[in-house]
Amino acid sequence: MPMETQETLEQLVERILGRRTFLKLTGLGIFTVAAANLSATLEAAKPKLTVKRRYGMAIDLLRCVNCKACTVACKLENKTPPGVVYNPVIEEEFGEYPYVQRRWFPKPCFHCENPSCVKVCPVKATYKRKEDGIVIVDYERCIGCRYCITACPYGARYFDFGENYPAQETAYGQIPSPEFHGEYELRQKGKSPVGNVRKCTFCLHLQDAKGKYTRPPACAETCMGKAIHFGDFVDGKCIAHGCDLNELITRRRWIRLKEELGNEPNVYYLL
Amino acid sequence: MNQTSITYSESHRKLAWLEPTFVVACLVTLLPGVWAIAVRFTEGLQATALGSMVPWGLWVAFYIYYIGLSAGSFLISTLVTVFGVKRFEPMARLAVWQALVALLIGIFFIFMDLGHPERFWHVFRYPQWNSVLAWEIQIYNFYIVLLLAELYLLMRPDLVVLGQKKSGLPRLFYHFATLGYSDLSTSSLLRDRKWIKALGILGIPIAVGVHGGTGAIFAVVKAHPYWYSPLFPIVFIVSALASGGALLLFLQVYFCLKGHCSVEDKQMLVSLARLVAGFLILDLSLLFIEFLVGFYGEVPEHMATYATIARGPFWWVFWIVQLLLGAVVPLSLIFHQKTKNSCLWLGFAGLLVFLGIFGVRLNIIIPPLTQEPLPGYIGAYHSWRISSFYFPNLIEWLTSLGTVALGCLLFYIGLKVLPIETKEAEGGT
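Worth saying up front: this structure is predicted, and the values here are computed from it rather than measured.

Asks: Looking at this structure, how should I read the overall build of chain A?
Replies: Counting its secondary structure elements, chain A contains seven helices and 13 strands. Counting across all 271 residues of chain A, residues that qualify as buried make up 48%. Here the analysis covers contacts within chain A between residues at least 6 apart in sequence; of these, 58% occur between residues at least 24 apart. As displayed, chain A has an accessible area near 14,500 Å², and 59% of this comes from carbon and sulfur atoms.

Structure below.
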C-alpha cells in the first residue's frame, strides 16, 4: 500500500513537470539566488550613489612647512593619550652628502574608499559611514583584536593601551574627550576607548546634526600655511582654506600613497 | 621478547621520577602564571610590551602555535580513523585528546589577547562575514564539538568497561562519561566505527579550515607583503602536521620507554618519525619557495622583513631555533644510520621539531609587523608603543608559561583519568 502511494506520487511529479523540467527549475532557482547574491555583491562593490558627502583632504606639500601644528592641534582636540596620534607628520631624510634631501607630510587617516581595515574587522566595529564616507570605530562594539591595525597599509590606527600623561592628575584630567560619537565624556581606566583601536575621525564631533561641519577639523583649521584643504569631494566645497577641492586636484599634480593597493584614499597630496 | 619486557620494566622504574617532576614543574610554573593572568585582566593590555606597530606578539604566536598543533594532531588521527592505517592505531585517541587540549589552550591565548575579552561574544552576535577572523571563530565551535564527539566515540568501549570495574565516585564519573550509552554489542561497536569514520571525514575539511583559515588571517593582509601569499595557509597546515606529529612522536616514545612497547610499536615510532620528517621537509621546501619568490621580487618591505628575520636582533630564532635545532638536527637524527632506530633519539627529534615550530610561529607574526608602513613613520611620533622593537615582557612570558602549564596539567589529568593510553579495545577492527 505505501509502495503504491510512493509510486503514484513520483508519477504525479513526473507527469506534471517531467523530470527534466523539475531539474531545470531547481537549477534555475539556484542560479537565480546565486545571481541575486552576486549582483548584490557587485552592487555593494560599486561606489555608493546614495552618498551625500565624501569628506577628504588635499594637502598641499608646497605649503607644508613641517611645523607639526596639525599633530598638536589634533592631540588637543581629540585629547588622545600617549602612544595615540591621529595625524603625525612623517619625515624622511635621504640621499648622500652633499645631496641630502628631506621630505615630510602630515598623515591623517585617509578614509579610503576601499578600506582594508573595515574588511577584516570580525564584529563590524569599524565601518565606513554611508552618509559621508568617514571610517570610524564603534568603541562599544570593538573587541580589541587589533586585526585592523595590522591590515591598514598606512599605519593610521593605534591601540589605546590605557596610558596617561602626567597631567592627567591635574585639571587636564577632568576635561572630557569628544571621542564618543559626539558625546563629550571622560576616558576612564578599563572602559572604552581604553582597550580599543583608535583612529582619526576627521573630527566627527564638529559636525552638526545635519552632518555639516560647524568648524573645520582641528588639523586643517590650525594649519598656518593653509596646506590642509579639507572638504567634500561630492560638491567640491572646501570647509577649510577656500578653494574647490575637485578643482585643486584637477589643476594641480597630486599623488595618493600606495595607489597600487587599490585602497583609493580620500586624501590627496598636491605636489 | 621476554628480555625486552624486562628491560622495559627496568626503564619504567628508572623513569618513575619523571611524571611527579613534570607535575611539580607545571604547578610551579602555574603559580606565577595565575598571578600574571590576574594582572593582565585587571590592568588590561597596558601590562604588555605590545605596541601600535607590533600589536600582535607572543600570545598570538602561541595562539597560532597551539591551533596548529591541534589541527595537525587531528589530521594525523584521521590516518587511523579515516584512512585505516593500522600501524598508527595505538595513537588515535592520544592524537584527538592532544588536539582538544591544544585547541583549548590556543583559544585561551587569543581570548587573553583581546583588548576587551569580556566582549568575545560579539563575534557570534555581530559577525562580519568579510572577515577571515570571524569565520575562524565560528569554525572553532564546530571543531570543538567534533573533537569531543570523536574522542567520546573512540573511548566509549573502555569508558563502559571502566564504569563496570570501578566503584564509588570513579564509577559514577565513568558512567556519566559514557552519556548512558553502554551498549557493547558488536553491532553497536560497528556503528561507533562508522560514526568515527564519518566524523573523521567531516573533520578533515574542518581541521584544514581551522588552521588553513588561521593562515588565511595573515594571507589576506595586503599591507604586509611577507604575509600576503596564497601559499601561507598551506604552509600553516604543513607546519601544523609537522608539529602535531612531532609531539605525538615524543609522547609515544615516552609511553614506549615507560613499558607499553612492542615491536609493532617501535615500527610505528619509526614510521611516525619518517612522516614528521616528510612534513618538515615539505615545510622547508615551501619556505624556500616563498623566499625564492620574495628575493626575486625585491619589494622593499618584503626584503626588509627577510633582513629582520635573518639579521635582526632575533636572528637566532630563525638560524638556531627554526633551522638548526628545529630542522637540521632532528632530520639528521631521524635519518642517520645510528639513531634512526633508537626510540630515545627519535623522541628527542620529535621534541626538537615540536619546539622548533614555535620559532616558525614567532617569525611569522613579529618580523613583518616591525616594518614601518611608511619610511619615517616611527620617528614621526615619539612613544615606545610605536616602535619596531618588540620583546615580550615578564607578564607576557609568565601568562604564556602559566597557560601552557595549565594545558599540560589538563593533558596529564586526561591521560591519567581517561582511557587514552589503552589500546586493546582499539584493536577490535
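There's plenty left to go through after this.
Asks: How should I be thinking about the interface of chain B and chain A in this particular structure?
Replies: How big an interface is tends to be expressed through the accessible area that disappears when the partners come together. Across the contact, 46 residues belong to chain B and 55 residues belong to chain A. Counting the surface lost from both chain B and chain A, the interface buries some 3,900 Å², and carbon and sulfur atoms represent 58% of this. When the area that chain B buries against chain A is broken down by residue, the three leading residues are B:Lys222, B:Leu374 and B:Tyr381, summing to 16%. Viewed at the interface, chain A and chain B are joined by four salt bridges. Between A:Glu163 and B:Arg385 there is a salt bridge, with the nearest N and O atoms lying 2.5 Å from each other. Counting every contact that joins chain B to chain A gives 31 residue pairs in polar contact (both at pLDDT 80 or more). Where the side of chain B that touches chain A is concerned, the elements lending two or more residues are helix H2 (18-43), helix H5 (122-125), helix H6 (132-165) and helix H8 (186-219) of chain B.

Asks: Whenever I open this one, H2(B) confuses me. Can you help?
Replies: In an α-helix there are 3.6 residues to a turn, and that puts residues three or four apart on one side. In a regular helix each residue adds 1.5 Å, so 26 residues correspond to 38 Å; H2(B) covers 37 Å between its end C-alpha atoms and thus fits that length. Just downstream of H2(B), B:Gly44 is the residue with a positive phi angle, here 80 degrees.

Asks: Explain the pairing of strand S2 (residues 89-94) of chain A to me, please; I cannot follow it from the model alone.
Replies: Consecutive side chains along a regular strand alternate between the two faces of the sheet. All names here are of chain A. Note: S2 against strand S3 (residues 101-106), six bridges, orientation antiparallel. Each residue of the ladder has a partner; that of Val 89, found in S3, is Pro 106. Between S2 and S3, which pair antiparallel one after the other, the connecting turn spans six residues, and Gly 95 there sits at a positive phi close to 90 degrees.

Asks: How do you make sense of the environment of A:Leu245 when you look at a structure like this?
Replies: All names here are of chain A. In this fold, Leu 245 is placed in helix H7 (residues 245-251). Along the chain, Leu 245 and Phe 230 lie 15 residues apart, while their C-alpha atoms are 7.8 Å from each other. Here Leu 245 is in contact with Gly 56, Ala 58, His 229, Phe 230, Gly 231, Asp 232, Phe 233, Gly 236 and Cys 238, once residues within four sequence places are set aside.

Asks: Any chance you could explain unusual backbone geometry here in plain terms?
Replies: Generally, phi is negative for residues other than glycine and the peptide bonds are trans, each holding for most cases. Residue and element names in this part refer to chain A. Residue Tyr 97 is joined to Pro 98 through a cis peptide bond whose omega torsion reads 5 degrees. When you line up the elements, Pro 98 lands in the loop between S2 and S3. Cis geometry marks the peptide bond from Ser 192 to Pro 193; its omega dihedral reads 5 degrees. In this fold, Pro 193 is placed in the loop between strand S8 (183-185) and strand S9 (197-199).

Asks: How do you make sense of the state of the cysteines when you look at a structure like this?
Replies: All names here are of chain A. A full pass over the atoms with the stated rule returns zero disulfides over all chains. Note on Cys 70: no disulfide assigned, nearest cysteine sulfur contributed by Cys 67 at a separation of 6.3 Å. The class for Cys 70 is buried, based on a relative accessible area of 8%. Unpaired in terms of disulfides, Cys 117 finds its nearest cysteine sulfur in Cys 152, a separation of 6.0 Å. The class for Cys 117 is buried, based on a relative accessible area of 8%.

Asks: What exactly am I supposed to notice about H8(B) here?
Replies: Counted at 1.5 Å a residue, the expected span for H8(B) with its 34 residues is 50 Å, and the 48 Å between its end C-alpha atoms agrees. For H8(B), the principal kink sits at B:Gly203 and spans about 35 degrees; a proline, B:Pro205, occurs within the next four residues.

Asks: Whenever I open this one, the nonpolar core confuses me. Can you help?
Replies: Nonpolar side chains tend to gather and get buried jointly when the protein is soluble and globular. Core analysis: the biggest nonpolar cluster contains 187 residues, and B:Tyr143 and B:Phe218 have the highest contact counts within it. It is helix H3 (residues 58-81) of chain B that contributes the most residues to this core, 16 residues altogether. In this structure, B:Tyr143 is in contact with B:Ser70, B:Ala71, B:Phe74, B:Ala99, B:Leu103, B:Ile206, B:Ala207 and B:Val210, ignoring residues within four places of it in sequence. Among the nonpolar cores identified, the runner-up in size contains eight residues, and A:Ala58, A:Leu245, A:Tyr268 and A:Leu270 belong to it.

Asks: Is there a simple way to think about empty space enclosed by the protein in this case?
Replies: Where empty space is left can be seen by rolling a probe of water-molecule size over the atoms. Residues and elements named next belong to chain B. Tallied over the entire structure, the rule returns nine cavities of 30 Å³ or more. Taken as a whole, the largest cavity encloses approximately 210 Å³ of empty space. Surrounding the largest cavity, 19 residues form its lining, Val 235, Asp 283, Leu 287, Gln 322 and Val 360 being those nearest its centre. If one sorts the elements of the lining of the largest cavity by residue count, helix H10 (residues 263-297) sits on top with six residues.

Asks: Is there a simple way to think about the packing of helix H12 (residues 315-335) of chain B against helix H13 (residues 343-369) of chain B in this case?
Replies: Packed helix pairs are characterised by how far apart their axes lie and by the angle those axes make with each other. Residue and element names in this part refer to chain B. In contact at an axis separation of 8 Å, H12 and H13 are set at 155 degrees when each is read in the N-to-C sense. When the axis of H12 is compared with that of H13, the two are roughly antiparallel. Along this stretch, H12 crosses H13, giving a crossing that reads as left-handed. Counting all contacts with H12, which are made through Val 317, Phe 318, Val 321, Gln 322, Leu 325, Gly 326, Val 329, Pro 330, Leu 333 and Ile 334, the residues of H13 involved are Trp 345, Leu 346, Phe 348, Ala 349, Leu 352, Val 353, Leu 355, Gly 356, Gly 359, Val 360, Leu 362 and Asn 363.

Asks: Explain the packing of aromatic side chains here, please?
Replies: Remark: the centre distance and the inter-plane angle together describe each pair of aromatic rings, the angle taken between the planes. Tallying each qualifying case throughout the model produces 47 aromatic pairs over all chains. Relative to B:Phe111, the ring of B:Phe108 lies with its centre 6.2 Å away and its plane at 40 degrees, an arrangement referred to as tilted. A residue pair is termed a helical-turn pair when its members lie 3 or 4 positions apart in one helix, as B:Phe108 and B:Phe111 do in helix H4 (residues 92-113) at three residues. Residue B:Phe111 is classed as partly exposed on the basis of its relative accessible area of 27%. For the pair B:Phe232 and B:Phe236, a centre-to-centre distance of 5.6 Å together with 45 degrees between the ring planes defines the contact as tilted. With a gap of four residues between them, B:Phe232 and B:Phe236 both fall in helix H9 (residues 232-260), about one helical turn apart. Considered together, B:Phe232 and B:Phe236 belong to a single accessibility category, that of buried residues. Taken together, A:Tyr147, B:Trp56, B:Phe218, B:Tyr226, B:Trp227, B:Phe232, B:Phe236, B:Phe291, B:Phe295, B:Tyr306, B:Phe318 and B:Trp319 form an aromatic cluster joined through their ring pairs. Over the face of the ring belonging to B:Phe236 we find B:Arg361, whose NZ or CZ atom lies 5.2 Å from the ring centre.

Conventions adopted
- Residues numbered from 1 in each chain as written.
- Chains lettered and ligands numbered in written order.
- Predicted model: local features only at pLDDT ≥ 70, side-chain atom pairs only at ≥ 80, totals over all residues.
- Heavy atoms only, no water.
- Helix = DSSP H or I, 4+ residues; strand = E, 2+ residues; numbered from the N terminus.
- Buried < 20%, exposed > 50% of the residue type's maximum accessible area, 1.4 Å probe, protein only.
- Contact = heavy atoms within 4.5 Å.
- Areas by Shrake-Rupley, 256 points an atom, 1.4 Å probe, with all protein chains shown as cover.
- Buried area = accessible area lost by both parts, 1.4 Å probe.
- Salt bridge = Lys/Arg side-chain N within 4 Å of Asp/Glu carboxyl O.
- Polar contact = N/O pair within 3.5 Å; in protein donor to acceptor, adjacent residues only side chain to side chain.
- Expected span 1.5 Å × (residues − 1).
- Pairing = 2+ DSSP bridges.
- Disulfide = S-S within 2.5 Å.
- Bend = angle between axes of the 7 residues up to and from the residue.
- Core = buried A, V, L, I, M, F, W, Y, C linked by side-chain atoms within 4.5 Å.
- 1 Å grid on protein atoms, 1.4 Å probe; cavity = no way out; pocket = protein on both sides within 12 Å on 5 of 7 lines; lining within 4 Å.
- Points joined across faces, edges and corners; volume = space filled by probe spheres on them.
- Axes fitted to C-alpha atoms, helices over the stretch in contact; angles between N-to-C directions.
- Parallel < 35°, antiparallel > 145°, perpendicular 65-115°, else oblique.
- Left-handed = near helix turned anticlockwise from the far one by under 90°.
- Phe/Tyr/Trp six-rings, centres within 6.5 Å; stacked < 30°, edge-to-face > 60°.
- Lys NZ or Arg CZ within 6 Å of the ring centre and 35° of its normal.

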